[in-house]
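# Architecture at a glance
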Amino acid sequence: MKKLRVGIIGAGRITIMHLGSIDYMKDEAELVCICDIIKERANEVAEKYHCRAYYDYVEMLEKEQLDVVHVCTPHYLHIPMVTACIEKGVAVITEKPMGINYEESLKAVELAEKKGVLFGVIFQCRYNDSSILVKQAFESGALGKLKGVVSTLTWSRPDDYYLQSDWKGTWDKEGGGVIIDQVIHSLDLANWIIAEEIESVAASMANRGHEIVKVEDTAEGMIRYKNGIKYNFYCTNNYVFDEPIEIKFFAEKGKALLTYDYAVIQYNDGRVERVETKAPAVVYGGGKEYWGVMHAKQIEQFYHSVQGKEELQISGREALKTQRIVNAIYDSAKSGKIIKF
Ligand SMILES: NC(=O)c1ccc[n+]([C@@H]2O[C@H](COP(=O)([O-])OP(=O)(O)OC[C@H]3O[C@@H](n4cnc5c(N)ncnc54)[C@H](O)[C@@H]3O)[C@@H](O)[C@H]2O)c1
């Protein structure tokens, strides 16, 4: 089969995870171009990976015959870039979050569906062995009926972190703080595993520890499901280091604890199941521990969908569920109201 011709837009911090993933898929895909408005960044990748550099993504889409584009740019650019790819008929996978607001994200999903173009969104933590163990324990009925869920995220994003970026910590370019950027992974995992319809979202948020940015660094809230389950969450970027996230599931036949790469299930009959995520054979050449190791697995699944071998798992339509939760949390926290679904 002909190799997929891949381009990347954005050559910032996360891009090494995509470059490593494309290399992991080298028998099926090749990186042909990279684009960044910061020329040195695009040039550096182009030199290292023997591909062409662009500084304008519209020009890149015009000049190259691409099968797949990866979007690795600031949040407010995701939907315009995804839309440009869809318009060109090029399959596109964007980093999380799919967009800054639900309505614009929905429009891109509808356009992709209308044009029959694949649109994927990175939520790599779903591919951790730990996440899969807990998901399957509910799907198989082993844990029985789910009763309640709670999650915590206590990380550190000091002022320095925001000083290094011209878009992080801004309402217009990032779309918020700890909710849209960090806890989004926990919300996505918990909601995917709960797999029920949401009734309402109630939340509050504050900036308690940051002078130089105005977005929230702390939030808590509750997602109420139509079947009565309550999922409570707490998150803050004011801790001293990035503690592994925790998501706890309490069920009829036992309880499960999920961190990013580790899960333990204790059944009421005394059995205990544990798993630690094993990394695929991929070299990312750096990256943060909390990014995990599963970009390659999700990108492999995306490529196989583009080749028609598999059904796309985390489509734009699927990712919209998480986008809707994120935006409902902001709406509730800003208005003080419960947001009904
Ligand atoms: N999945 C994860 O766990 C994870 C982890 C970290 C970051 N991310 C996501 O990755 C994305 C990028 O984050 P980052 O930390 O790499 O940011 P970054 O600021 O380091 O990189 C963004 C890059 O986009 C470039 N860019 C900006 N405007 C552009 C344009 N018009 N055309 C081309 N390039 C442009 C910038 O010059 C920069 O090099 C965000 O969506 C972020 O949330 C995901």
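Computed from a predicted structure; not experimentally measured.

## Some thoughts on the site of the ligand
Around the ligand sit 28 residues, and of these Asp36, Arg41, His75, Gln124 and Trp167 come closest. At 2.9 Å, a side-chain N or O of glutamate 95 approaches a nitrogen atom of the ligand. Between the ligand and lysine 96, the relevant distance is 2.9 Å, taken from an oxygen atom to a side-chain nitrogen or oxygen of the residue. Those elements giving two or more residues to the shell around the ligand turn out to be helix H4 (75-88) and helix H8 (178-194). No other element matches the four residues that H4 contributes to the shell around the ligand. Within the shell around the ligand, the residues separate by chemical class into 13 nonpolar, eight polar and seven charged.

## With respect to unusual backbone geometry
When glycine is set aside, most residues are seen to have a negative phi, and most peptide bonds are trans. Proline 97 follows lysine 96 through a cis peptide bond whose omega is -15°. Here the phi dihedral of histidine 50 falls at roughly 50°; this positive angle occurs in a residue that is not glycine. Residue position: histidine 50 is located in the loop between helix H2 (39-49) and strand S3 (52-54). When its relative accessible area of 72% is taken as the criterion, histidine 50 is described as exposed. Phi is positive for alanine 195, close to 50°, though the residue is something other than glycine. Assessed through its relative accessible area of 52%, alanine 195 is described here as exposed.

## Some remarks on the domain arrangement of the chain
Structurally, the chain comprises domain 1 (4-124) and domain 2 (126-279 + 315-340). With centres defined by C-alpha atoms, the gap from domain 1 to domain 2 works out at 26 Å. The interface is formed by 21 residues belonging to domain 1 together with 25 residues belonging to domain 2. Summing both sides of the interface, domain 1 and domain 2 together bury roughly 2000 Å²; the carbon and sulfur share of this comes to 62%. There are two salt bridges connecting domain 1 and domain 2. In this structure, glutamate 113 engages arginine 317 in a salt bridge whose closest nitrogen and oxygen atoms are separated by 2.8 Å. Applying the counting criterion to the domain 1 and domain 2 interface returns 11 residue pairs in polar contact (both at pLDDT 80 or more). Elements that contribute at least two residues to the side of domain 1 that touches domain 2 include exactly H4, helix H5 (102-115) and strand S6 (119-121). No other element matches H5, which puts six residues into the side of domain 1 that touches domain 2. When grouped by side-chain class, the residues that make up the side of domain 1 that touches domain 2 number 11 nonpolar, six polar and four charged.

## Considering the state of the cysteines
By the definition in use, this model includes zero disulfides. No disulfide involves cysteine 51; its nearest neighbouring cysteine sulfur is the one of cysteine 33, lying 6.8 Å away.

## Quick notes on a nonpolar patch on the surface
Taken together, Tyr239, Val240 and Phe241 make up a surface patch of nonpolar side chains, about 310 Å² in accessible area. The topology assignment puts valine 240 in the loop between strand S10 (230-236) and strand S11 (246-251). For valine 240, a relative accessible area of 68% translates into the label exposed.

## Observations concerning the pairing of strand S5 (residues 91-94)
Residue alternation in S5 divides its side chains into two sets, Ala91 and Ile93 and Val92 and Thr94, and both sets are buried. As judged from the four bridges shared by strand S4 (residues 68-71) and S5, these two strands associate in the parallel manner. Directly across from valine 69, in S5, lies its bridge partner valine 92. In this view, the connection linking S4 to its parallel neighbour S5 by way of H4 has right-handed handedness.

Parameters at a glance
Residues numbered from 1 in each chain as written. Predicted model: local features only at pLDDT ≥ 70, side-chain atom pairs only at ≥ 80, totals over all residues. Heavy atoms only, no water. Near = heavy atom within 4 Å. Polar contact = N/O pair within 3.5 Å; in protein donor to acceptor, adjacent residues only side chain to side chain. Helix = DSSP H or I, 4+ residues; strand = E, 2+ residues; numbered from the N terminus. Nonpolar A, V, L, I, M, F, W, Y, C, P; charged D, E, K, R; others polar. Buried < 20%, exposed > 50% of the residue type's maximum accessible area, 1.4 Å probe, protein only. Domains from an automatic or database assignment. Contact = heavy atoms within 4.5 Å. Buried area = accessible area lost by both parts, 1.4 Å probe. Salt bridge = Lys/Arg side-chain N within 4 Å of Asp/Glu carboxyl O. Disulfide = S-S within 2.5 Å. Patch = residues over 30% accessible without salt bridge, like charges linked within 9 Å, V, L, I, M, F, W, Y side chains within 5 Å. Areas by Shrake-Rupley, 256 points an atom, 1.4 Å probe, with all protein chains shown as cover. Pairing = 2+ DSSP bridges. Right-handed = clockwise from strand over helix to strand, strands pointing away.

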